[in-house]
Amino acid sequence: AAGEELRRRGLGNARFEPAALEDVTGEPFDLALAYDCIHDMTDPFAALASLRKLLRVGGVALWFEPHGSDDPYENREIFGARMVAGIALNCVTTSMAAGGAGLRAPGCT
């Protein structure tokens, strides 16, 4: 579906790679996006190193991770509460179950 949308918009120079970072091959990328995923990985530091290797010289990596507050009172709204619960109950435990680092997000674990 995502590839079809790229073609529909005439974005022939973009593609999605549904693969483990260490399995991605081919031409270096101009841009790599890691959105809400590095903290889930078994070895997030190795994942970031792999991401860097995939970029051409001058390429850009955009990395976003959600965060909460270290003050629980600031996480009381529905978005904050859901984020804190999701990270603690799903993301961190998924990483740890695979023998990973189980990185915490500020205010969330």
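A few points on the structure. (Residues numbered from 1 in each chain as written. Predicted model: local features only at pLDDT ≥ 70, side-chain atom pairs only at ≥ 80, totals over all residues. Heavy atoms only, no water.)

**So, the overall build of the protein**
When helices and strands are counted, the protein shows 3 helices and 2 strands. Each helix and strand of the protein, placed in order from N terminus to C terminus, yields the pattern α-β-α-β-α. Taking the contacts inside the protein whose residues are at least 6 apart along the sequence as the reference set, 62% of them involve residues at least 24 apart. Carbon and sulfur atoms make up 59% of the accessible area of the protein, which totals about 7700 Å². (Helix = DSSP H or I, 4+ residues; strand = E, 2+ residues; numbered from the N terminus. Contact = heavy atoms within 4.5 Å. Areas by Shrake-Rupley, 256 points an atom, 1.4 Å probe, with all protein chains shown as cover.)

**What to know about the environment of V60**
Counting through the fold element by element, V60 comes out in strand 2 (residues 55-64). The exposure class of V60 is partly exposed, given its relative accessible area of 40%. Sequence spacing of V60 and D30 is 30 residues, and the spatial spacing of their C-alpha atoms is 6.2 Å. Among residues more than four places away in sequence, those in contact with V60 are D30, L31, A32 and L55. (Buried < 20%, exposed > 50% of the residue type's maximum accessible area, 1.4 Å probe, protein only.)

**So, helix 2 (residues 44-53)**
Residues of helix 2 that are buried include every one of P44, A47, S50 and L51, and no others. One side of helix 2 holds all its buried residues, which, seen down the axis, span an arc of 115°. Along helix 2, exposed side chains directed more than 90 degrees from the buried face belong to F45 and K53. Buried positions along helix 2 lie against strand 1 (29-35) and strand 2. (Arc of directions from axis to C-beta.)

**Brief notes about the environment of P28**
Among the secondary structure elements, P28 is positioned in the loop between helix 1 (2-8) and strand 1. C-alpha of P28 to C-alpha of R52: the two residues are 24 residues apart in sequence and 9.9 Å apart in space. Excluding its chain neighbours within four sequence positions, the residues that come into contact with P28 are L54, L55 and R56.

**Re the layout of surface pockets**
In this model, the largest pocket occupies a volume close to 780 Å³. Forming the boundary of the largest pocket are 24 residues, of which R15, F29, L31, A32 and L33 lie nearest the centre. When residues in the lining of the largest pocket are grouped by element, the largest group, 6 residues, is from strand 1. Residues belonging to the lining of the largest pocket are distributed by class as follows: 19 nonpolar, 1 polar and 4 charged. Approximately 150 Å³ is the volume attributed to the second largest pocket. Taken together, Y35, D36, H39, F64, P66, F79, R82, M83, G86, I87 and C91 make up the full set of residues lining the second largest pocket. It is helix 3 (residues 78-97) that provides the largest number of residues to the lining of the second largest pocket, a total of 6 residues. In terms of residue class, the lining of the second largest pocket is built from 7 nonpolar, 2 polar and 2 charged. (1 Å grid on protein atoms, 1.4 Å probe; cavity = no way out; pocket = protein on both sides within 12 Å on 5 of 7 lines; lining within 4 Å. Points joined across faces, edges and corners; volume = space filled by probe spheres on them. Nonpolar A, V, L, I, M, F, W, Y, C, P; charged D, E, K, R; others polar.)

**Some thoughts on the packing of aromatic side chains**
Note on aromatic pairs: each is described by the distance of the centres and the angle between the planes. Under the defined criterion, the tally for this structure stands at 1 aromatic pair. Arranged with centres 4.9 Å apart and planes meeting at 20°, the rings of Y35 and F64 form a pair that is stacked. Of this pair, Y35 sits in strand 1 while F64 sits in strand 2; the two residues are 29 residues apart in sequence, bridging distant segments of the chain. (Phe/Tyr/Trp six-rings, centres within 6.5 Å; stacked < 30°, edge-to-face > 60°.)

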